[in-house]
Each structure stands twice: as C-alpha cells, then as structure tokens.
Amino acid sequence: WSSKSMVLPKGYNSIPAFHKKLLESKRILAVCGAGLSAASGLPTFRGAGGLWRNHNATDLATPDAFEDDPGFVWLFYAYRRHMALTVKPNPGHYALAALAEKNPDFLCLSQNVDNLHVRAKHPPSQLRLLHGSLFDIKCSNTPKCEYIERNNTADPFCPALSAASEDVEPGQTLPLLDPKHELAHIPASELPKCPECKTGIQRPGVVWFYEPLDKDMLDEIEAWINEDVVDMVLVVGTSSVVHPAAGYAERTRTKGKTSIVTVNMELDTQSKRKMREGDFFFIGDAAVLLPQLLE
Ligand code: BV8
C-alpha cells in the first residue's frame, strides 16, 4: 500500500485543534530523542550529519566495542561530553520543563544523554533518562561493580583523551568519525581505573546496545502507563527505532483514546501508517514547535 493511499487524520496538523486536545488532557507522556537537541547544536545519530554516519552504532555504543578498545570508544564519548558542555538547552527543552511545572501528571522520558533537560531545570521527578547520561561515570564491571559517580565538568574526561577535545571545535566532525583522520591508539592502561573495585575501567554512564535499561526505572514507567488512561503522548525528535523507548507511544493506546502527537522534521511512511483519528503530526524543528504547542 503506497503512502498516497494513506489518509491522514482530519486536522492532524492543526495547532488550534491540538490546543483544544491539550486543554482536555491530564495524563501526558513525552518520549524525546536526539532531534530535540538538534537545535542546540548537537548532531543526531542517524540521517545526514548523523554521528553514526561513518560508523554503525555497534562500533561505538556496545560493551564489546569498549572491551575491544576502550580508548577508541572513550574518544567518541569525550567528544560527546565536550559538545554537550559547549551547547545550551533550547526553547524545546524549556517548553517541556514548563509543562512539567504546570502539570504534575506529565512525565517526560528522554533517550538523550546530553543533560540538556536537567540544565533546562526540568523537574527531576517528572524526567526519566532512559539511556543514562554522558555525565555519569560507571565501572566497566557493571552491574557486578555498582560504582557510579556524577562528573559534569571533566573535559576531556582524562588527560589521555585530550586529543579528542583540543583539536575539535563544537559541531566539527570528530576525527574519530572522519575515516581520513588517523587516530592515535589510547592504551587501556592510560584510562582511569574504577576507584571501588580497582579492576574495572571507568566508562560513560550511558546504556549501550544489548545492555538492559535500569530495571526499577522501567518498572516505574510501566506502572505509570498502566495506572490510568494516558490522554496524550508527545513523540519528539526521535526516529523511534530503538527499543524499548520506541514502543511506549503505541503501548499507551491500549488503555483508551490516546492522542499521539509527533514533532519531527519529516513525516515518513512509517509514521503515516501508524496515525489514527485524533493523532497529530507537526513537521518542523522541535525547538520552534514545542513552545508554540505547549505554551
Ligand atoms: C535492551 C546511548 C535488552 C549511547 C543508545 C525490541 C525490538 C527490536 C530491537 C530490540 C528490542 N529490544 C532490544 C532491542 C535491541 C536494541 C535496539 O533497539 N536495537 C535497534 C537499533 C533495532 N535495544 C537495546 O539494545 C536496548 N537494550 O533492550 O536490552 C536486555 C534486557 C536484559 C538484559 C540484557 C539486554 C538499549 C538501547 C539503548 C542504546 N543506547 N544511546 C549513546 O548515546 O551513544 S541509543 C541511541 O539511539 C540514542 O540514545 C538515541 O536514544 C537512540 C535513538 O536515536 P534518536 O534519539 O531517535 O535519534 P535519531 O538520530 O535516530 O533520530 C533523530 C530524529 O529526530 C529523526 O527522526 C529526525 O527526523 C528528527 N529530527 C532531526 N532534527 C530535528 C528532528 N525533529 C525535530 N526537530 C529537529 N530539529
């Protein structure tokens, strides 16, 4: 079935119709992705200009990749920390934080590890960072070793990684992702050891592929969704390919008439296919659209 035959719901991109639905909505969930931080200047993962364009995610964001070459993987994350530290939250982050302040029944799930929601003062009890944070440091022996420490400042994370942050201006393609750029190999011995178990290496506190998300957090989200009908789900700036994050929007529909509101740069066939009566789709920059929609 071609996208031509797909009928989009009436008023799917009407802001007045959305505002009416928002006024009637009590329990609201948001699922955010890299597109929310794009306007802040952080590249997304997939698509043109994506961080993973020259690599697939499993080169960089898996325990095996870290096991094989921790220095290589740390260069990528030192760069991501460096960039996240040099940019600021955008009006999209602030609009979500303002909605949380106004409505205690609004819960924001974010796949982003850039700490921009926190810097936008999003109420912590209404924010769940599904994939952890670049600014948490764990032990490579996780979960056996439970060491975790917040480190908001070190840039580069350790002296051995200075190559990643000195010669890379924010927004520049990391030498790592530019295959032409020969990178010095950083031996694991130059990376800081875990201060707790003394055997592991300190690693970024993010959830890699094939790693489980925090179980307590998942149980909490499950309970929140099952507690009562969810009136609205905002799906903001995500390609919705990574699970379990990608599954939440459709899962909320089972409880009742849930309006799924997507904010994305493109209305792709996959999204068109999933749209139902009462859903909305706003095409454009989340940093511009969210303030218009939520304030
Ligand atoms: C797990 C952290 C199990 C690191 C990331 C079920 C079905 C299928 C697969 C699986 C499944 N369950 C598990 C899997 C495997 C895997 C998975 O989902 N694979 C996919 C790729 C098929 N999932 C996992 O491995 C997860 N773990 O389930 O564990 C388990 C259980 C018990 C015991 C052991 C294991 C862990 C997933 C977490 C991976 N970590 N990141 C890091 O950041 O480096 S994922 C990474 O991609 C990011 O965190 C991000 O969250 C995620 C998705 O990317 P997006 O945020 O969507 O960004 P993207 O670039 O893709 O898209 C940007 C979008 O924004 C685009 O749509 C674009 O159009 C739009 N946009 C751009 N600019 C703007 C905009 N929109 C608005 N405004 C703009 N200005």
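Note that this is a predicted model, so its numbers are computed, not measured.

Definitions and cut-offs
- Residues numbered from 1 in each chain as written.
- Predicted model: local features only at pLDDT ≥ 70, side-chain atom pairs only at ≥ 80, totals over all residues.
- Heavy atoms only, no water.
- Helix = DSSP H or I, 4+ residues; strand = E, 2+ residues; numbered from the N terminus.
- Rg over C-alpha atoms; globule rule 2.2 N^0.38 Å.
- Buried < 20%, exposed > 50% of the residue type's maximum accessible area, 1.4 Å probe, protein only.
- Contact = heavy atoms within 4.5 Å.
- Areas by Shrake-Rupley, 256 points an atom, 1.4 Å probe, with all protein chains shown as cover.
- Polar contact = N/O pair within 3.5 Å; in protein donor to acceptor, adjacent residues only side chain to side chain.
- UniProt positions renumbered as here; feature names shortened; annotations may be inferred.
- Core = buried A, V, L, I, M, F, W, Y, C linked by side-chain atoms within 4.5 Å.
- Axes fitted to C-alpha atoms, helices over the stretch in contact; angles between N-to-C directions.
- Parallel < 35°, antiparallel > 145°, perpendicular 65-115°, else oblique.
- Nonpolar A, V, L, I, M, F, W, Y, C, P; charged D, E, K, R; others polar.
- Near = heavy atom within 4 Å.

**A look at the overall build of the protein chain**
Summing up its helical and strand segments, the protein chain has 12 helices and 9 strands in all. The C-alpha radius of gyration computed for the protein chain amounts to 20 Å, which stays within 12% of the reference 19 Å derived for 295 residues, consistent with globular compactness. Over its C-alpha atoms, taken along the principal directions, the protein chain stretches across nearly 60 × 40 × 35 Å. Relative to its 295 residues, the protein chain shows a buried fraction of 53%. Within the protein chain, residue pairs in contact and separated by at least 24 positions form 71% of the contacts whose partners lie at least 6 positions apart. Of the roughly 14,000 Å² that the protein chain leaves accessible, carbon and sulfur atoms contribute 55%.

**Concerning the side chain of Ser25**
Tracing the backbone shows Ser25 in the loop between α1 (15–24) and β1 (28–32). For Ser25, a relative accessible area of 9% corresponds to the buried category. A distance of 2.6 Å separates a polar atom in the side chain of Ser25 from the backbone oxygen of Lys21. Residue contacts for Ser25: discarding those within four places in its chain leaves Asn103, Asp231 and Met232.

**A word on the environment of His185**
Looking at the secondary structure, you find His185 in the loop between α8 (162–166) and β6 (202–206). Classification of His185 by relative accessible area gives exposed; the value is 59%. Between the C-alpha atoms of His185 and Pro70, which are 115 residues apart in sequence, the distance is 9.9 Å.

**A short note on the UniProt feature "active site" (unreviewed entry) in the protein chain**
As recorded in UniProt, the feature "active site" (unreviewed entry) lies at His131. Looking at the secondary structure, you find His131 in the loop between β3 (127–129) and β4 (132–139). Take His131: its relative accessible area is 12%, and that puts it in the buried class. Once you skip the residues sitting within four places of it in the chain, His131 turns out to touch Ser110, Gln111, Val113, Gly205, Val206, Val207, Leu213, Val242 and Ala245. Only 3.5 Å separates the side chain of His131 from the backbone oxygen of Gln111, close enough to count as a polar contact.

**Some points on the nonpolar core**
The biggest cluster of nonpolar side chains holds 37 residues, and the ones touching the most others in it are Trp74, Tyr77, Leu134, Phe157, Leu161, Leu191 and Trp208. For this core, the secondary structure elements donating two or more residues are α4 (63–68), α5 (70–86) and β4. Those residues in contact with Leu134 that lie beyond four places of it in its chain are Tyr77, Arg80, Arg81, Ala84, Val113, Asp114 and Val206. Phe106, Val261, Ala286 and Leu289 belong to the second-largest nonpolar core, a separate cluster that totals 25 residues.

**Details of the packing of α1 against helix α12 (residues 286–294)**
Packing of α1 against α12 leaves a shortest axis separation of 9 Å and a crossing angle of 55°. As far as their axial angle goes, α12 and α1 are oblique. On the side of α1, the interface is formed by Ile15, Phe18, His19 and Leu22, while α12 contributes Gln292, Leu293 and Leu294. Grouping the amino acids of the contact of α1 with α12 by side-chain chemistry returns 5 nonpolar, 2 polar and no charged.

**Let's talk about the UniProt feature "binding site: Zn(2+)" (unreviewed entry) in the protein chain**
As annotated in UniProt, the feature "binding site: Zn(2+)" (unreviewed entry) corresponds to Cys139, Cys145, Cys194 and Cys197 in the numbering used here. Spanning 59 residues, the named residues form one tight spatial group whose C-alpha atoms are at most 9.0 Å apart. Locating Cys145 in the fold gives a position in the loop between β4 and β5 (148–150). Look at Cys145 and you get buried, because its relative accessible area is 10%. When residues no more than four places from it in sequence are discounted, the contact partners of Cys145 are Cys139, Cys194, Glu196 and Cys197. Following the sequence through the fold, Cys197 ends up in the loop between α8 and β6. On the basis of relative accessibility, which here comes to 25%, the residue Cys197 falls in the partly exposed class. Those residues in contact with Cys197 that lie beyond four places of it in its chain are Cys139, Asn141 and Cys145.

**Structural notes on the site of the ligand**
Surveying the vicinity of the ligand reveals 34 residues, the closest of which are Arg46, Tyr210, Thr238, Ser239 and Asn264. A distance of 2.8 Å is found between a nitrogen atom of the ligand and a backbone nitrogen or oxygen belonging to Val207. Contacts to the ligand include Ser239, whose side-chain N or O atom sits 2.6 Å from an oxygen atom. For the ligand, whose accessible area on its own is 1,500 Å², the fraction buried by protein is 74%. The set of elements that each furnish at least two residues to the shell around the ligand consists of α2 (35–38) and α5. For the shell around the ligand, the class distribution of residues is 18 nonpolar, 11 polar and 5 charged.

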